[in-house]
Amino acid sequence: MPEGPSVRKFQLLTSPFVGQVVAKVGGSSRKLNVNDLNALRLQDSQDEELQEAQHSRSEAPEAAEGRGNWLRIHFGMFGSIRANEFSRASRANKRGDWKDPVPKLVLHFESGGFLVFYNCRMLWCSSPRADPASDILSVEFHRGRALRALCAPDPICYTLQDQRYFSGLGNIIKNEILYLARIHPLTPGSLLALSDLERLLDCAVQFSSEWLHNKLRGQGLHPQVYQKEQCPLGHAVMKGTFGPSGGFKRLTWWCPQCQPAVLPGDGDPSPVTE
Ligand SMILES: [Zn+2]
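Here is what the cut-offs are and how they apply
Residues numbered from 1 in each chain as written. Predicted model: local features only at pLDDT ≥ 70, side-chain atom pairs only at ≥ 80, totals over all residues. Heavy atoms only, no water. Donors = N, O, S within 2.8 Å, 3.2 Å for Na, K, Ca; no water. Buried < 20%, exposed > 50% of the residue type's maximum accessible area, 1.4 Å probe, protein only. Salt bridge = Lys/Arg side-chain N within 4 Å of Asp/Glu carboxyl O. Helix = DSSP H or I, 4+ residues; strand = E, 2+ residues; numbered from the N terminus.

Peer 1: What should I look at first to understand the coordination of the zinc ion in this one?
Peer 2: Around a metal, the ideal angle is 109.5 degrees if four donors adopt a tetrahedral arrangement and 90 or 180 degrees if six donors adopt an octahedral arrangement. The coordination sphere of the zinc ion contains the protein donors Cys 231 (SG), His 235 (ND1), Cys 255 (SG) and Cys 258 (SG), at a distance range of 2.1 to 2.3 Å. For the zinc ion, the donor residues sit on a single chain with the sequence spacing C-x3-H-x19-C-x2-C. Considered together, Cys 231 and His 235 belong to a single accessibility category, that of buried residues.

Peer 1: It is not clear to me how the pattern of salt bridges should be interpreted in this structure. Could you clarify?
Peer 2: A side chain of one charge can pair with a side chain of the opposite charge when the charged atoms of the two come close. The tally for this structure, following the rule as stated, stands at six salt bridges. Of the charged contacts in the structure, one is a salt bridge between Arg 143 and Asp 202, with a shortest N-O distance of 2.9 Å. Of this pair, Arg 143 sits in helix H2 (residues 143-150) while Asp 202 sits in helix H5 (residues 194-216); the two residues are 59 residues apart in sequence, bridging distant segments of the chain. With a relative accessible area of 41%, Asp 202 lands in the partly exposed category. Between Asp 196 and Arg 199 there is a salt bridge, with the nearest N and O atoms lying 3.3 Å from each other. Placement of both Asp 196 and Arg 199 in helix H5 is noted, with a separation of three residues, approximately one turn of the helix. Owing to a relative accessible area of 23%, Asp 196 belongs among the partly exposed residues under this scheme. On the accessibility criterion, Arg 199 (35% relative accessible area) is partly exposed. Taken together, the shared-partner salt bridges connect Arg 143, Glu 198 and Asp 202 into one network.

Structure (structure tokens):
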């Protein structure tokens, strides 16, 4: 599940090519027959998906039969996309060679521009999954619906990783915004005041927007608790694997001092004393 800022960077880089025809294909991908993409028109780009349609060619390649017409691209932690430039080696490898990264896929368009994809997995699928109402970085984000979801008696970290309400909110954002809002990840949403949930949503939107801006300037992310041993205040950070029973479990980091646990009590949430 891609994080919102990665998705938005993808959209910003790919949208100028929507409507253009692929003139030449390159890349090292062995999972995908990259030549299937030749002469196709880029119809749309959403999330981390490209829609390719047959371009005025009568015969469809055999390999294209039966597959969807959306190419889904998973970037994971190390994948990246570039427009009109290749990634260059930033340092020498162990043998002292300056070897540039090898792209998985290069799409050259008729305009002369090109898109380059590194360290990603690609597969054909039939439809995009995105619902802008659940995308925290979309102007169509439905804040009321997200707030109602957060009020559920489930642990708040389960609701945040529910892609029906929070698409693009991945594990890094989940951990960081719970820290910023000072909320323990296992707190049942129903025990939190509406003002706390509002603040959590504000943190989600602000953190994601800042991450996107940093990404576009080529700057990295500096998490406060995600994969950290200490929070910025020097407290030891805890780590656990949380998720709904029968559902997807994710590694979660939190600071027990900055994010004290809340016990189900008589309506008035109070921090647990150690
Ligand atoms: Zn702390």
